[in-house]
Amino acid sequence: MTDKKDKSIAADTSAMWGGRFEAGPSAVMEAINASISFDKALYAQDIAGSTAHARMLAKQGIISDVDADAICTGLQKIAAEIEDCGFEFKAALEDIHMNIEARLRDLIGDAAGRLHTARSRNDQVATDLKLWVRDALDGLDRDLQALQAALITQAETHADSVMPGFTHLQTAQPVTLGHHLMAYAEMLGRDRSRAADARVRMNESPLGAVALAGTSFPIDRHATAEALGFDRPAANSLDAVSDRDFAMEYMSVAAILAVHLSRLAEEIVLWCSSQFGYMRLSDAYSTGSSIMPQKRNPDAAELIRAKAGRVIGAMNSLMIVMKGLPMTYGKDMQDDKEPVFEVANTLALSLAAMTGMIESATFDKARMRADAGKGFSTATDLADWLVRALGMPFRDAHHVTGALVKLAETNGCGLEDLSLAEMQGVDQDITDDVFAVLGVDNSVASRVSYGGTAPEGVRARIRDAKARWL
């Protein structure tokens, strides 16, 4: 015997499970089984898929045009209710699919029951999530383009603003700020390329694969695929309902992007410190201290740096869910959505914050230029000159330059401050032409190879970047 509460729950669940069950789930089972708290985010995709399915069923003569019209009209009313916050989501109905179907029955009666003909929640949820991820990739591309535009604008302004270039976080060679910022624009270009590749690969429709084996109804999967903007239907019904590669690939793209954002965030944190002093964030992207009134903290950058861990963790979470699953659908796959949604929200916020920081940042060109000359950063220019002008083997030139660096260090001066006589004391063939390559401006201007830091080359690459990405 079941009590009144159990009978009530059973009535709700009977619409989903049919006559197999006499009683509803326990409260614990209902709590662990329900996904409506998060998969309601798929409502627009679910309604789009159901509309395409209903129209196809009618065109194939599987349901009547009258029922298809009623179904589609009801679905649009439900969409409006959800968007106007007038829809009641019920945990007893488990998920977004059954919540919508139950409301559709309230609106149009028995015709609603025909919508699930030749369809399962297995192919339905795979379609919904794939549509959602596809939309997320499109939004990601727009956000990435906005950040690229901010970087390119700043790079154009600072194409000839000299700064230190680093390896091992030690001064290496002079570069320009524009050149440095364009490195991140290139990284984001690869991120956009990966996202575009993933979108192409995932654009196959699972709808019509049904539970796992297809259907005996004369459905037209090509028609529903076309209606939903897919390139084609997925070729194997088993794969169609079990595939979550598209979600894992999206999250892999996201994880690489999060690493790139974290690297840029780390540089912002360093550059905003008093020890560097290269960059100043606007008040809109800075915070203060509750106890130290002098502080300007780059908290937005620090938070972006931290969020990379969340994105990478979410990717790992989904891969671990999928790694041990046999064909085809397991309830484990209900846990595919929350990490995907978290990644999308985290990336959108991180990209918006990074774009705002870059757009509004100012740079201390004098400070950067002064630091660019420290640490004998033009030593490689001197070695290159010895090779070009004197025909010296590079390894010998490296040795001579090292001796000159040691001499300058002993004298407490830069290489450009050594006298010709002092230089000739190390190698008698050195001429005063050497001074044309010393100094940070000469160094930067000399790096004319494609992709180098010479300001004219940087401006050329900026022109190319605008044509490629903006």
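You'll find the structure just up there.
Predicted model only: the values in this text are computed from it and were never measured. (Residues numbered from 1 in each chain as written. Predicted model: local features only at pLDDT ≥ 70, side-chain atom pairs only at ≥ 80, totals over all residues. Heavy atoms only, no water.)

(A) Structural context of the environment of Ser282. With respect to the helices and strands, Ser282 occurs in the loop between strand 5 (279-280) and helix 12 (299-322). Residues Ser282 and Pro298, spaced 16 residues apart in sequence, show a C-alpha to C-alpha distance of 9.6 Å. With residues near it in sequence (within four places) discarded, Ser282 still touches Arg296 and Ser360. Among the polar contacts made by the side chain of Ser282, one reaches the side chain of Ser360 at a distance of 3.1 Å. (Helix = DSSP H or I, 4+ residues; strand = E, 2+ residues; numbered from the N terminus. Contact = heavy atoms within 4.5 Å. Polar contact = N/O pair within 3.5 Å; in protein donor to acceptor, adjacent residues only side chain to side chain.)

(B) View of the side chain of Asp46. Tracing the chain through its elements places Asp46 in helix 4 (residues 43-59). In this structure, Asp46 is buried with no salt-bridge partner, the nearest side chain bearing the opposite charge being Arg119 at 5.8 Å. Excluding anything up to four places from it in sequence, Asp46 contacts Ile96, His97, Ile100, Gln124 and Asp128. (Buried < 20%, exposed > 50% of the residue type's maximum accessible area, 1.4 Å probe, protein only. Lys, Arg positive; Asp, Glu negative; His and termini not counted. Salt bridge = Lys/Arg side-chain N within 4 Å of Asp/Glu carboxyl O.)

(C) Local environment of unusual backbone geometry. Each neighbour pair has its own omega, and for Met327 with Thr328 the value is 0°, a cis peptide bond. Along the chain, Thr328 falls in the loop between helix 12 and helix 13 (337-360). With a phi angle near 60°, Cys85 is a residue other than glycine that sits in the positive phi range. Tracing the sequence through the fold places Cys85 in the loop between helix 5 (65-83) and helix 6 (96-108). We classify Cys85 as exposed; its relative accessible area is 72%. In the Ramachandran plot, Val210 falls in the positive-phi region, its phi being about 60° despite a non-glycine side chain.

(D) Representation of the pairing of strand 1 (residues 162-167) in the model. Here strand 1 runs beside strand 2 (residues 170-176); their pairing, made up of six bridges, is antiparallel. Opposite Met163, over in strand 2, you have Val175 as the bridge partner. In this antiparallel pair of consecutive strands, strand 1 and strand 2, the connection spans two residues, and His168 shows a positive phi of 55°. (Pairing = 2+ DSSP bridges.)

(E) The arrangement of the pattern of salt bridges in detail. One pass over the full model with this rule turns up 27 salt bridges. Across the salt bridge formed by Asp283 and Arg296, the nearest N and O atoms sit 2.7 Å from each other. Placement of Asp283 in the loop between strand 5 and helix 12 and of Arg296 in the loop between strand 5 and helix 12 is noted, with a sequence separation of 13 residues between them. Classification of Asp283 by relative accessible area gives exposed; the value is 61%. When the shortest N-O distance is used, the salt bridge between Asp384 and Arg447 registers 3.5 Å. One end of the pair, Asp384, is in helix 15 (residues 379-390); the other, Arg447, is in the loop between helix 18 (440-446) and helix 19 (455-469), and 63 residues separate them in sequence. The partly exposed category is assigned to Asp384, whose relative accessible area is 22%.

(F) Quick look at the environment of Lys365. Examined against the element boundaries, Lys365 turns out to sit in helix 14 (residues 365-372). A C-alpha to C-alpha distance of 8.8 Å links Lys365 and His158, two positions 207 residues apart in sequence. Those residues in contact with Lys365 that lie beyond four places of it in its chain are His158, Ser161 and Val162.

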